[in-house]
Amino acid sequence: MESVKPSAVTPAKSRLARTFAKVLHIRAVTGVAPVDGVDKVKDNTVKPKDKFKDDHQAAGVAIKPPKVSWSQLFGKEDTELEYRISLEAFLAKLFASISTVKASYVQLQHAQSPYDADGIQSGDQLVVSELKLLSELKQCYLKKQFDFSPEKTMVSAEIQELKSLLKTYEIMGKKLESQLKLKDSEIIFLEEKFEESNKQNKALEKRMNQSGQLVMPDNVHLSGLSPSHFNTVLRHTVKSIRSFVRLMIDELKSAGWDIDAAANSIQPNVVYYRADHKCFAFESFVCREMFDAFHYPNYSPAKQHQQQQQQQRQQLFFQRFNELKPVKAKEFLSRKPKSSFAKFCRAKYCQVIHPKMESAFFGDLSQRNVINSGEFPDSAFFSSFADMAKRVWLLHCLAFSFDPEASIFQVNKGSRFSEVYMESVAEEAFLSSSENPQESSSLSPSLSSSSDSAEPRVAFTIVPGFRIGKTVLQCQVYLSPARNES
């Protein structure tokens, strides 16, 4: 049998083994990477070192892999990523420390007003410790000594920053609460000051309504009386009546009365332009009762005096006027409890103040019982009534001091308005009949009239008017739209 020569087989096998080893080595080590199905060879040149390695692998000789560094394993990009993460963790820790300094400084400021020694000391210590930490972070940055666990550092820094923010918000909340308390105390102070101002205004108003404030010359003689003197006393009388009406309405509200129902019972079926105009109904009631029988001497419908007694009667009433004018009402009543003015006060109080009203005001009828017994109660309510009654009585005495005496008149409901005899207390009555119907309809839905020629009519008389010779002092009326009866 013929033997095969080794020289004929070995070279072919050696070349084939080296080819496969080279391919595997390129794929596994030297970087053949498939891209889109095509093998991309990074380096097709076989270095002498690789050839030496391939020769030894083909010969079955084991070769130890060389030592690979961290930067060689991950590459330059991975090293930069690690540095960036560590730097972000460092910055998070830096900003968290700055937030703590800010919160500590806010605490330090809050502890100064009001002064809190413990709070100031605690805030100062926190500021100092965080400044030291910032100094340490500066040194770490300069020496490139970053934390090796950036994830944990970032989480803890975020928690620290949130705690600092929460602490800051808590301190700001306490500061806002203190400011709120301060504002509440200011509101209470202003309310007290407002009440005090109201009391002072009422006291000034009361002093103005007193008899001593009546602006009228003291040296006026009976022969020098004129309608202007009467008009001056009338204006002061109306002012005093309105002051008493406001007091009466306040007492009604305090007693829980229905003001709308009370006004409607006094003047029924009246359309008011404004809700606060209902006070005119109470004023008309007081004037109606106080001026009832005004045209009789001493408010008494006695027999008419003879003509020869006219001059004596004028002097008598003018003397009463001058006697009462400079004196306070309560003082005059205490000095002369049986005078004509005292009888007038007793009668008019019982007319104006109904027993139910007095019981609602004071809980009983003690004031009425005192008045009926011949005395006068010592209360602020009766003092206001007495001041008003004094003004009406002075007007009555002055009216009978003229020759001929002043006469009184009022206007019937539904009468046309006349500027000669009337004065309207509500300007809205003339606005409602203006050229623009849209403006008048905005006052109240019930104030619109179907007729273009509708004029406001007298709803009721508030203050009566007076005639002194040929002089007419207008009465005060409340006007309302004319109703279309059809």
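Keep in mind that this is a model prediction, so the values were computed, not measured. (Residues numbered from 1 in each chain as written. Predicted model: local features only at pLDDT ≥ 70, side-chain atom pairs only at ≥ 80, totals over all residues. Heavy atoms only, no water.)

Caption draft 1: Expanded view of helix α9 (residues 310-324). The terminal C-alpha atoms of α9, which comprises 15 residues, lie 21 Å apart, in line with the 21 Å expected from a rise of 1.5 Å per residue. Restricting attention to buried positions, one finds in α9 the residues Q310, R313, Q314, F317, F318, F321 and L324. Angularly, the buried residues of α9 cover 135° about the axis, an arc narrow enough to put them on a single face. Of the exposed residues in α9, the ones pointing more than 90 degrees away from its buried face are Q311, Q312 and Q319. In this structure, the buried residues of α9 make contact with α6 (227-254), α10 (329-335), α11 (340-352) and α14 (380-399). (Helix = DSSP H or I, 4+ residues; strand = E, 2+ residues; numbered from the N terminus. Expected span 1.5 Å × (residues − 1). Buried < 20%, exposed > 50% of the residue type's maximum accessible area, 1.4 Å probe, protein only. Arc of directions from axis to C-beta. Contact = heavy atoms within 4.5 Å.)

Caption draft 2: Seen up close, the nonpolar core. Core analysis: the largest hydrophobic core is formed by 81 residues, its most contacted members being F230, F282, V286, F341 and Y478. Here the element with the most residues in this core is α14; it accounts for 13 residues. Apart from the residues lying within four places of it in its own chain, the contact partners of F282 are V245, M248, I249, L252, I259, A262, A263 and I266. (Core = buried A, V, L, I, M, F, W, Y, C linked by side-chain atoms within 4.5 Å.)

Caption draft 3: Layout of the sheet that holds strand β6 (residues 465-468). If you walk across this open sheet you meet the 3 strands as β3-β6-β7, and the pairing is antiparallel. Edge positions in the sheet fall to β3 (407-409) and β7 (471-473), since each has one partner strand and no second. Averaged over all pairs of adjacent strands, the angle between strand axes in this sheet comes to 25°, irrespective of strand direction. Alignment of β6 against β7, held across 3 bridges, turns out to be antiparallel. Across the sheet, the residue bridging to F466 is L473, located in β7. (Pairing = 2+ DSSP bridges. Axes fitted to C-alpha atoms, helices over the stretch in contact; angles between N-to-C directions.)

Caption draft 4: Molecular detail of the packing of aromatic side chains. This structure, assessed with the given rule, holds 27 aromatic pairs. Taking the centre distance of 6.2 Å and the plane angle of 20° together, the rings of Y299 and W393 count as stacked. With Y299 in the loop between α8 (279-290) and α9 and W393 in helix α14, this residue pair connects regions lying 94 residues apart in the sequence. In this pair, the class of Y299 matches that of W393, namely buried. Through pairs of rings, three or more aromatic residues link up here, namely F230, F291, F294, Y299, F332, F341, F344, W393, F402 and F466. Between R320 and the ring centre of F317, over which it is positioned, the NZ or CZ distance is 5.2 Å. (Phe/Tyr/Trp six-rings, centres within 6.5 Å; stacked < 30°, edge-to-face > 60°. Lys NZ or Arg CZ within 6 Å of the ring centre and 35° of its normal.)

These results come straight from atomic positions and should not be treated as a statement about function.
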